[in-house]
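Coordinates in review
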Amino acid sequence: MRTTDRVLLSYYVSSILITFIPLPWWYYSVGGIFVVYDSPFQISVSLLGSNLILAKLLNLFLNAFRIYVGINLVYNSLMLVKGKQVAKYSTMAWLPLFYILDPLLIYVVFNYVISSVTGDNFRYPLLIIGVEDFVTSYNNVNIDMLIFSYPTLLYWFTFIPTILYITALITGRKSSKS
């Protein structure tokens, strides 16, 4: 087995493990009133301590996505081991990168969508990792929210497949040039 294939197989195996670990990748909380634990394969949302039914419905689709990704990873692993690799399946390589877009999405929602709906100007910070004291006003009332936003340990492990995938692409290009 070529070096590229070994690296690609490592990518597939690590991706399979991460796909089927039912733990969240990110934690987000607004003073404990609104709490979100999520990953591309599951989400848990609670408001005032009650789980939202919408999140439970969304989990049906996210678990279907988990199964779809898992089946593709297993299939591509088997094809690679048999020497019949069809194409590189890259989903797990770019999924962690989407979480870099999360702060941007929250920033836009707060500063533009909610601001336009309420008529007040929110100044939500662009990036929160850790704890941030967010102070704003609404109808001449000051609102002080303690916001928690941080990746879980599993999120950092999701970059292992990303690094392995990029390595497989680089070693594949080097071997095809020689």
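In what follows, the accompanying structure is described. (Residues numbered from 1 in each chain as written. Predicted model: local features only at pLDDT ≥ 70, side-chain atom pairs only at ≥ 80, totals over all residues. Heavy atoms only, no water.)

With that out of the way, let us pick up the packing of helix α2 (residues 53-82) against helix α3 (residues 91-98). Relative orientation of the contacting elements α2 and α3 amounts to 140°, with a least axis distance of 11 Å. The pairing of α2 with α3 is recorded here as oblique in orientation. For the pair formed by α2 and α3, the contact residues are F65, V69 and L73 on the first element and T91, M92 and L95 on the second. Residue composition of the contact of α2 with α3, by class: 5 nonpolar, 1 polar and no charged. (Axes fitted to C-alpha atoms, helices over the stretch in contact; angles between N-to-C directions. Helix = DSSP H or I, 4+ residues; strand = E, 2+ residues; numbered from the N terminus. Parallel < 35°, antiparallel > 145°, perpendicular 65-115°, else oblique. Contact = heavy atoms within 4.5 Å. Nonpolar A, V, L, I, M, F, W, Y, C, P; charged D, E, K, R; others polar.)

To continue, consider a nonpolar patch on the surface. Residues W94, L97, F98, I100, L101, L104, L105, V108, V109, Y112, V113 and V117 make up a contiguous nonpolar surface patch of about 1,100 Å² in total accessible area. For the nonpolar patch, the secondary structure elements donating two or more residues are α3 and α4 (102-118). The leading source of residues in the nonpolar patch is α4, at 7 residues. With respect to the helices and strands, W94 occurs in helix α3. For W94, a relative accessible area of 34% puts it in the partly exposed group. (Patch = residues over 30% accessible without salt bridge, like charges linked within 9 Å, V, L, I, M, F, W, Y side chains within 5 Å. Areas by Shrake-Rupley, 256 points an atom, 1.4 Å probe, with all protein chains shown as cover. Salt bridge = Lys/Arg side-chain N within 4 Å of Asp/Glu carboxyl O. Buried < 20%, exposed > 50% of the residue type's maximum accessible area, 1.4 Å probe, protein only.)

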